[in-house]
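# A structural walkthrough
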Amino acid sequence: MNLDWSIVWQSRGALLEGVLLTILLTILTMLIAIPGGILLALMRLSRSSILAGASTSFVELFRNLPLILVVYWAFYVMPVLLGIELSPFTTGLVALCLNVSAYNSETFRSGINSIRKGQMEAGVALGMSRAQAMRQIIFPQAWRRVLPVLASAWVSLFKDTSLVSVIAVGELAHTALQIRSQSFRVLEMLTAMAVIYWLLGYPQAKLVDWIYRKFGITE
Amino acid sequence: MRKGAGEPPIVLYENVRKRFGQFVALNGVSAQVNKGEVMCLIGPSGSGKSTLLRCTNGLEKIDGGRIVFEGESLPSDERAMRIIRRRMGMVFQNFELFPHKTALGNVAIGPTTVLGMNEAEANARAAILLDKVGLADKAASYPANLSGGQQQRVAIARALAMEPDVMLFDEPTSALDPETIGEVLNVMKALAEEGMTMVVVTHEMTFARRVANWVVVFERGAVVEQGPPTQIFEAPHSARTRDFLSHLGWGG
Amino acid sequence: MDFDFSPLVESWQYLLGGLGITALLSFTTAVSSIAVGLAVGLVRLYGPTWLRWLLVFYIDSMRAIPVLVVLVWVYFAVPILTGLSFEPFWAALFALTVHLAAYVAEIFRAGVESIRPGQSRAGLALGMSRRQIIQQILLPQAIVRMLPAFGSFLSVTIKDTAIAAVIAVPELMRRAETIAGQSYRPVEVFTTTMVIYFLILFPVTRVVDSFYRRVAHLGRS
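Not measured: the values here are computed from a predicted model. (Residues numbered from 1 in each chain as written. Chains lettered and ligands numbered in written order. Predicted model: local features only at pLDDT ≥ 70, side-chain atom pairs only at ≥ 80, totals over all residues. Heavy atoms only, no water.)

### Observations concerning helix 4 (residues 119-132) of chain B
All names here are of chain B. An ideal rise of 1.5 Å per residue puts 20 Å on 14 residues; helix 4 measures up with 20 Å between its terminal C-alpha atoms. Of all the positions in helix 4, only A122, A126, L129 and L130 are classed as buried. Projected onto a plane normal to the axis of helix 4, the buried residues spread over an arc of 100 degrees and lie on a single side. Pointing more than 90 degrees away from the buried face of helix 4 are the exposed residues A120, I128 and D131. Where helix 4 is buried, its residues touch helix 3 (103-114) and helix 5 (148-160). Where helix 4 starts, the residue carrying a side-chain oxygen 3.0 Å from the main-chain nitrogen of A120 turns out to be N118. (Helix = DSSP H or I, 4+ residues; strand = E, 2+ residues; numbered from the N terminus. Expected span 1.5 Å × (residues − 1). Buried < 20%, exposed > 50% of the residue type's maximum accessible area, 1.4 Å probe, protein only. Arc of directions from axis to C-beta. Contact = heavy atoms within 4.5 Å. Polar contact = N/O pair within 3.5 Å; in protein donor to acceptor, adjacent residues only side chain to side chain.)

### Describing the interface of chain A and chain C
Listed by partner, the interface residues are 38 residues for chain A and 36 residues for chain C. The three residues of chain A that bury the most area against chain C are N64(A), L69(A) and K159(A), which together make up 16% of that side's buried surface. The interface formed by chain A and chain C includes 3 salt bridges. Taken together, the connections running from chain A to chain C amount to 11 residue pairs in polar contact (both at pLDDT 80 or more). Contributions of two or more residues to the side of chain A that touches chain C are made by helix 3 (49-63), helix 4 (67-82), helix 7 (130-160), helix 8 (172-183) and helix 9 (186-215) of chain A. Ranked by residues supplied to the side of chain A that touches chain C, first place goes to helix 9 of chain A with 14 residues. In terms of residue class, the side of chain A that touches chain C is made up of 27 nonpolar, 5 polar and 6 charged. (Buried area = accessible area lost by both parts, 1.4 Å probe. Salt bridge = Lys/Arg side-chain N within 4 Å of Asp/Glu carboxyl O. Nonpolar A, V, L, I, M, F, W, Y, C, P; charged D, E, K, R; others polar.)

### Focus on the interface of chain B and chain A
Across the boundary between the two partners, chain B contributes 20 residues, which contact 18 residues of chain A. When chain B packs against chain A, the two sides together hide about 1700 Å² of surface, and 61% of this comes from carbon and sulfur. If you sort the residues of chain B by the area they bury against chain A, E96(B), H100(B) and T113(B) come out on top, with a joint share of 28%. Put simply, chain B and chain A have 2 salt bridges between them. We note a salt bridge from R54(B) to E121(A), for which the minimum N-O separation is 2.7 Å. Counting across the chain B and chain A interface gives 6 residue pairs in polar contact (both at pLDDT 80 or more). Of all the secondary-structure elements, those providing two or more residues to the side of chain B that touches chain A are helix 2 (78-85), strand 6 (88-91) and helix 3 of chain B. With 4 residues, helix 3 of chain B is the largest single contributor of residues to the side of chain B that touches chain A. By residue class, the composition of the side of chain B that touches chain A is 10 nonpolar, 5 polar and 5 charged.

### A word on the arrangement of the chains
A comparison of contact numbers over the 2 pairs of chains in contact places chains A and C at the top. There is a clear gap between chain B and chain C: no contact, and 23 Å between their nearest C-alpha atoms.

### With respect to the sheet that holds strand 1 (residues 11-20) of chain B
All names here are of chain B. One open sheet accounts for 4 strands, arranged 2-1-4-5; its pairing is antiparallel. Each edge of the open sheet carries a strand with a single partner, namely strand 2 (23-33) and strand 5 (72-73). Alignment of strand 4 (residues 64-69) against strand 5, held across 2 bridges, turns out to be antiparallel. Residue V68 lies in a different strand from strand 5, and its bridge partner there is S73. Lying over the sheet, helix 1 (residues 49-56) contacts strand 1, strand 2 and strand 4, oriented at roughly 115 degrees with respect to strand 1. (Pairing = 2+ DSSP bridges. Axes fitted to C-alpha atoms, helices over the stretch in contact; angles between N-to-C directions.)

### Some thoughts on the pattern of salt bridges
All names here are of chain A. Per the counting criterion, the structure on display carries 30 salt bridges over all chains. Put simply, E106 and R44 hold a salt bridge, and the shortest N to O gap is 3.2 Å. Here E106 is found in helix 5 (residues 88-113), whereas its partner R44 is found in helix 2 (residues 12-45), with 62 residues between them in sequence. Pair check on accessibility: E106 and R44 agree, each one buried. Between R63 and E60 there is a salt bridge, and its shortest N-O distance comes to 3.5 Å. Residue R63 and its partner E60 are located together in helix 3, separated by 3 residues, close to a single helical turn.

### Description of the environment of T22(A)
Residue and element names in this part refer to chain A. Along the chain, the position of T22 falls in helix 2. For T22 and K159, which are 137 residues apart along the polypeptide, the C-alpha to C-alpha distance reads 8.9 Å. Other than its neighbours up to four places away in sequence, T22 contacts F158, T161, E171, L172 and Y197. Within the local environment of T22, its side chain forms a polar contact with the backbone nitrogen of L172, the two atoms lying 3.1 Å apart.

### Observations concerning unusual backbone geometry
Residue and element names in this part refer to chain B. We note that E96 has phi near 55 degrees; this positive angle belongs to a residue other than glycine. Mapped onto the elements of the fold, E96 is located in the loop between strand 6 and helix 3. By relative accessible area, E96 is classed as buried at 3%. Positive phi is not limited to glycine here, since R220 has a value of about 45 degrees. With respect to the secondary-structure elements, R220 resides in the loop between strand 9 (214-219) and strand 10 (222-227).

### Details of the sheet that holds strand 10 of chain B
Residue and element names in this part refer to chain B. Strand order in this open sheet of 6 strands is 6-7-8-3-9-10, and the pairing throughout is mixed. What marks the edges here is a single partner per strand, and that holds for strand 6 and strand 10. If you compare each strand with its neighbour and ignore which way they point, the axes differ by 15 degrees on average. Pairing of strand 3 (residues 38-42) with strand 9, which is carried by 4 bridges, proceeds in the parallel orientation. Paired with C40 across the two strands is V215, which belongs to strand 9. Those strands touched by helix 5 are strand 6 and strand 7 (166-170), and its axis lies near 170 degrees from that of strand 6.

Written out as structure tokens, the structure reads:
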């Protein structure tokens with residue numbers, strides 16, 4: 001077993017680009033999946049059974065599929081269905097957004113439902129509409145419950161971006177695996193990949209713990 | 001002569017029916033609330049008193065009969081109902097103050113959100129009302145830092161901020177420690193003396209005896225007896241009223 | 001847009017075999033993750049301090065590193081380090097267990113910590129030893145409290161087996177990929193695969209939920 005760790009240092013540029021792409025994917029996905037999740041949650045809680053049904057179907061579908069399968073499906077089927085060629089990056093982003101929106105919608109829904117029914121009634125008794133009561137009374141209370149779960153979802157998403165490597169999106173996992181194939185430095189690159197994910201992910205996980213402590217349910 | 005008898009009633013209940021699935025909560029209840037009257041609804045738990053109250057401001061929809069408020073039947077359209085709710089104030093058993101707002105914020109939220117009042121005016125009105133319920137010094141406090149009795153008084157001020165024509169109280173003191181019940185009942189008594197029309201679901205018989213102008217006794221979704229407190233508490237016509245009161249240890 | 005499901009029809013046995021591997025890998029991973037996870041969870045709560053630190057480090061690290069990375073590392077790097085070679089299935093079983101046991105340990109910890117401290121105190125007042133308290137009072141309640149999370153644990157396990165496709169474990173995902181590649185009919189193949197996974201995963205949480213509802217009262221204190 002002869003190891004040559006210099007390959008890691010030599011590839012630092014490519015690895016850094018991979019890291020940046022991982023971070024970019026995570027940020028973009030959350031930017032879409034948070035409003036997406038709120039929309040789906042409100043649809044599911046609405047009085048229209050069509051909206052509620054559509055939202056429930058969407059959410060149940062994407063919560064019950066392996067993400068890696070959704071990535072492949074998006075890659076092969078979307079061009080056929082939509083008739084346009086999307087870049088792997090966009091395809092991966094779409095798959096991630098579909099998946100994370102579904103999860104987030106459940107987070108928002110249970111956050112909203114966790115607020116006592118009497119709060120909505122008190123608002124309605126004052127003459128507010130349901131929408132007004134949602135905005136003024138329910139949401140301000142619900143976001144405290146929702147924030148820690150969203151933080152946790154962020155960290156999971158960060159890890160899940162590694163799955164879009166299978167359709168050759170140049171994030172960290174794909175980059176590291178490419179360098180491994182080209183250089184034959186298997187142990188070194190795989191270990192470096194794990195260590196880099198650890199260095200990025202560990203502080204995030206600790207941050208999530210802190211958020212849970214700070215915003216933990218006080219009621 | 002019953003108080004307010006010369007004028008049309010503020011609320012009229014005509015044969016009101018309400019079911020929850022198989023359970024009949026209200027089985028043809030008829031009664032009326034006159035202007036300036038304090039009407040107390042008493043009776044065992046589950047007898048329909050709270051349900052009737054919640055039907056009055058449309059939190060529950062009735063299944064039969066009608067409820068007439070200030071001369072008009074309650075609409076079935078939610079948007080129209082919302083406008084009517086502005087003229088009714090409701091105080092809940094567990095206060096339901098908004099925990100993310102101060103006492104002042106809670107009292108002002110109705111005028112700002114629903115009446116479109118500007119913040120300064122709403123806050124001024126809120127300050128006056130908090131003073132009226134004896135909590136001027138707690139204006140900046142959050143509900144978590146207030147006792148139960150204080151929270152309920154803020155809740156009363158919050159309902160009053162909308163300047164309603166009738167105040168609906170749903171067991172306002174049932175969730176309070178005995179020491180704090182008095183402060184809330186005093187506020188309600190003062191409100192009654194000012195001439196506010198009030199419908200109060202309560203287990204506080206002393207309050208009903210002293211402050212109510214009209215008492216309605218419920219049992220299993222129906223009105224068993226109704227009349228002035230002197231009748232209900234001292235010379236009830238119905239054996240069921242007598243049973244209910246003696247169960248509570250009411251000796252007069 | 002024409003659809004041709006014939007490649008699926010022809011290879012249905014191949015796919016079914018893949019489904020069998022998925023089921024087998026899911027089951028074995030679930031069992032081993034629970035066993036290891038509970039052990040880790042117990043030591044993490046009640047073991048000697050130095051060991052607790054080590055286990056917390058392990059658990060938190062698994063929150064930071066993706067499953068894919070662990071899978072690939074176990075399959076490709078461990079043979080280089082140790083000279084042993086694994087078959088993909090065993091590598092996947094090992095890697096998935098390492099990753100999921102941390103998750104189980106955390107569920108366990110949350111379950112135990114949600115039990116009111118008064119329960120332990122009641123045991124102490126009766127004269128029980130620490131081990132008896134853990135065994136007789138805390139553990140049974142903790143296990144009931146963990147049940148709701150169990151449904152999502154199973155769901156995650158089954159979904160993670162699909163990632164084992166990247167190290168050529170012949171489970172359903174991998175075999176679907178193969179057929180899609182050979183037949184040039186990815187739309188039909190992947191759509192069908194999605195339906196199959198959905199039909200497996202959708203009932204899993206429901207069944208666990210309904211079971212939980214029946215025994216929930218046993219964990220309430």
